[in-house]
Amino acid sequence: MPSEILLKMFSYLDAVNLLSVGCVNRRFYHLANDNLIWVRIYAEAFSLKRSHWKVNQAEETAVCSSPLAPEDRDAGHWKKKYIAKQVASVKAAVAQLLQPVNLYTGLPVRIKEALRVSGLGWIIILRDKNGKEYVTERADLSVNDTSVTITWYGKNWPRLATLSTLDLCGVTPVFMDQNKSPGRNGGVSRPRWRSLIAKYSLSDLREATPMGCDGLVRVFCLSPALLVGLWKREDELAFVTATLHLHQLMEKSTLGSPTVPYELPPHSPFLDDIAEYGLHGYQLHMDLHSGGLSYLCATFRNLFSTKGDIAGGHMKLPVINLNNPTQHVPLIGKVGLCWRTNIFEGCIKGCAIMDSTLLDDSGKPFWCFSSPVYMRPSRSPCGTCSFLGQQYCVDYEDGEGRAHADVVWIEETREYFIISLAFYLSVARINRWFGTQY
């Protein structure tokens, strides 16, 4: 077919369909870059529509020939300009929504609205040993106080023995109005940016120690914060769950490349000469939840430590004192990690999602994490307190520090109590953040 006829046909397409047509072959790609087509799309989106003009053929011709001069530009110039301006408009709208900050969590108040406006979503890419990719879209999404939980499941997972890696990526529509009218383009694949968040190895998953199990599945925790469920009978994938803390989630999910995660900018410390600077004034907000159930939602203020609590490269930050019963905190209900697929559902006893947001003395997030955790029976009973019931401990660790909690089951009231909680912060992290030299 002559190029002139194809160009005429392409001129009736919107931006999304025009980009899709350009992926057919090399000839269509060059024709779909035509500046005369894209300058009309640009003008309608950013010039004429914003001025509330009634567009006629003469005005379109004038705009395309005189002020915008598409024939003087390289092929694809106005396509790039249109896409860049669309992306900038989304970023500006999202940045405005992220400005107000919650005083208790140090996180944006309107994060849910920012997620909706940006159209941000998440996918997992399963890659087999031959390099073939299986892209799985989001199945379930829940936005909690300080984290997002995403679960993928299905009936057509590839066999686990053939898989080598799993990529967790954020995906964002190129155009702002894509997420507002999902059926507008029918079955057309809509262009999206892909940002790698984390890469996981699945090669040795079967030999790993499960975090917990029930009658149907065994669950494994891969760092950082990925939960993989395997069917007990077939030893194949049942579901995959990612828990992502809201702190800098937009940046991590949108600013990386398909192969390289976004690297956070270096922190510039605010120097101060007060005594034991960086060891006091902390505030912790903690959530323990699963499947829409909240077992704990608490804020702990005025946390502090001393130089004497620094040992082994970590500073101990006490949160709940074992010897002070007034600080002990009850958990609501029986703790369990709820899961479901398109056929089955269940609950794994003693497991849950822990969200922790530790703020510094100025109210800025210092250490944030969201991760599956489980209560394992304590090896040594409490020597200073006498309790009736089984004792457990909960642990979490990453490159920034570790957290440890002691939990006891009170048989008389049939409830869990956190009787001890402490955070162990990396001294190197403290020195980088505050500019100190502990």
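So, here is what we can say about the structure in this document. A quick note: this is a predicted structure, and the numbers were derived from the prediction, not measured.

### Some remarks on the side chain of Ser305
Following the sequence through the fold, Ser305 ends up in the loop between strand 12 (293-304) and strand 13 (310-311). In terms of polar contacts, Ser305 uses its side chain to reach the side chain of Asp309, at 3.1 Å. In this structure the side chain of Ser305 is engaged in a polar contact, spanning 2.7 Å, whose partner is the backbone oxygen of Lys316.

### Some thoughts on empty space enclosed by the protein
Where empty space is left can be seen by rolling a probe of water-molecule size over the atoms. Here the structure, examined in full by the defined rule, presents one cavity of 30 Å³ or more. Lining the largest cavity are 14 residues, with Leu288, Met354, Met375, Val394 and Val407 positioned closest to its centre. Listed by contribution, the elements that provide at least two residues to the lining of the largest cavity are strand 11 (280-290), strand 18 (351-359) and strand 22 (401-410). Residues that form the lining of the largest cavity fall into these classes: 13 nonpolar, one polar and no charged.

### Here we look at the packing of aromatic side chains
Enumeration over the complete set of coordinates arrives at 18 aromatic pairs. Taking the centre distance of 6.1 Å and the plane angle of 70° together, the rings of Tyr392 and Tyr416 count as edge-to-face. With Tyr392 in strand 21 (residues 391-398) and Tyr416 in strand 23 (residues 415-426), this pair connects stretches of sequence that are 24 residues apart. The residues Tyr392 and Tyr416 share a single accessibility class, namely buried. Through successive ring pairs, a cluster of aromatic residues spans Tyr277, Tyr282, Phe366, Trp433 and Phe434. Note that Arg402 overlies the ring of Tyr424, its terminal NZ or CZ placed 4.1 Å from the centroid. Geometry around Phe366 places Arg429 over its ring, the cationic atom sitting 4.9 Å from the centre.

### Considering the sheet that holds strand 6 (residues 192-201)
The four strands are arranged 2-1-5-6 in an open sheet whose pairing can be described as antiparallel. Only two strands of the sheet have a single neighbouring strand rather than two, namely strand 2 (133-136) and strand 6. Between one strand and the next, the sheet's axes are offset by a mean angle of 25°, whatever the strand orientation.

### Quick word on unusual backbone geometry
Note the cis peptide between Ser223 and Pro224, where omega equals 5°. On the secondary structure map, Pro224 appears in the loop between strand 8 (217-222) and strand 9 (226-231). One non-glycine residue with positive phi stands out, namely Asp235, at about 60°. Position of Asp235 among the secondary structure elements: in the loop between strand 9 and strand 10 (237-245). If you check the backbone angles, Asn302 has positive phi at about 55° while not being a glycine.

### Focus on the packing of helix 6 (residues 77-97) against helix 7 (residues 111-118)
Two elements in contact, helix 6 and helix 7, have axes whose closest approach is 9 Å; the angle formed by their N-to-C orientations is 170°. The orientation of helix 6 relative to helix 7 falls into the category roughly antiparallel. Residues Val90, Ala93, Val94 and Leu97 of helix 6 form the contact with helix 7, whose own contacting residues are Glu113, Ala114, Val117 and Ser118. Within the contact of helix 6 with helix 7, the residues separate by chemical class into six nonpolar, one polar and one charged.

### A word on the environment of Val16
Residue placement: Val16 occurs in helix 2 (residues 15-21). We classify Val16 as buried; its relative accessible area is 6%. With 159 residues separating them in the primary sequence, Val16 and Phe175 have C-alpha atoms 8.0 Å apart.

### Some details on the pattern of salt bridges
All chains considered together, the criterion is met by twelve salt bridges. Taking the shortest distance from any N to any O, the salt bridge between Asp167 and Lys199 comes out at 2.9 Å. Residue Asp167 is found in strand 5 (residues 163-173), and its partner Lys199 is found in strand 6; the two are separated by 32 residues along the sequence. Judged by relative accessible area, Lys199 falls into the partly exposed class, the value being 48%. With a closest N to O distance of 2.8 Å, Arg414 and Glu411 form a salt bridge. For Glu411, a relative accessible area of 41% puts it in the partly exposed group.

### Describing the side chain of Thr241
Looking at where Thr241 falls in the secondary structure, it is placed in strand 10. Here Thr241 falls in the buried class, since its relative accessible area comes to 9%. Within the local environment of Thr241, its side chain forms a polar contact with the side chain of Thr151, the two groups lying 3.1 Å apart. Discounting chain neighbours no more than four positions away, the residues touching Thr241 are Thr149, Ile150, Thr151, Ala225, Leu226 and Leu227.

### Here we look at helix 7
Restricting attention to buried positions, one finds in helix 7 the residues Ile111, Ala114, Leu115, Val117 and Ser118. Mapping the buried residues of helix 7 onto a view down its axis gives an arc of 165°, with all of them on the same face. Among the exposed residues of helix 7, those oriented more than 90 degrees off its buried face are Lys112 and Arg116. Looking at the buried residues of helix 7, the elements they touch are helix 6, strand 1 (121-128), strand 3 (140-143), strand 4 (147-153), strand 5 and helix 8 (249-254). Of the residues one or two after helix 7, Gly119 is the one with positive phi, at around 70°.

How each quantity is defined
- Starting afresh in each chain, residues are numbered from 1 along the sequence in its written order.
- Only residues with pLDDT of 70 or above have their local features reported here, since the model is predicted, and side-chain atom pairs are shown and tallied only from 80 upward, although totals for entire chains, interfaces and linings are computed over all residues.
- The basis for every side-chain value is the complete set of heavy atoms in the structure, and neither hydrogens nor water enter the calculation.
- Numbering of helices and strands runs from the N terminus; a helix is a DSSP stretch of H or I covering at least four residues, while a strand is a stretch of E covering at least two.
- Definition of a polar contact: a pair of N or O atoms within 3.5 Å, with one able to donate and the other able to accept a hydrogen when the atoms are protein atoms, and with sequence-neighbouring residues admitted only if both atoms are side-chain atoms.
- Cavity: a set of points on a 1 Å grid over the protein atoms alone where a 1.4 Å probe fits but cannot get out. Pocket: an open set with protein on both sides within 12 Å along at least five of seven lines, its lining residues, like those of a cavity, having an atom within 4 Å of a point.
- Grid points are joined across faces, edges and corners, and a volume is the space filled by probe spheres set on the points.
- Throughout this entry, Asp, Glu, Lys and Arg are counted as charged residues, while Ala, Val, Leu, Ile, Met, Phe, Trp, Tyr, Cys and Pro are counted as nonpolar. The remaining residues, Gly among them, count as polar.
- Here a Phe, Tyr or Trp ring, Trp counted by its six-membered ring, pairs with any other such ring whose centre lies within 6.5 Å, and the pair is stacked when the planes are under 30 degrees apart, edge-to-face when over 60, and tilted otherwise.
- Exposure categories follow from relative accessible area, calculated using a 1.4 Å probe and restricted to protein chains: below 20% of the type maximum is buried, above 50% is exposed, and the middle band is partly exposed.
- Both a distance and an angle decide whether a charge sits over a ring: NZ of Lys or CZ of Arg must be within 6 Å of the ring centre and within 35 degrees of the ring normal.
- Strand pairing is assigned whenever DSSP identifies at least 2 bridges connecting the two strands.
- Here an axis means a line fitted to C-alpha atoms, over the contact stretch when the element is a helix, while the angle between two N-to-C directions is reported on a 0 to 180 degree scale.
- Each angle is binned into one of four classes, with values under 35 degrees roughly parallel, values over 145 roughly antiparallel, values of 65 to 115 roughly perpendicular, and all other values oblique.
- By definition in these notes, contact holds between two residues if any of their heavy atoms fall within 4.5 Å.
- Each reported salt bridge corresponds to a side-chain nitrogen of Lys or Arg within 4 Å of a carboxyl oxygen of Asp or Glu.
- It is the directions from the helix axis to the C-beta atoms whose arc is reported.

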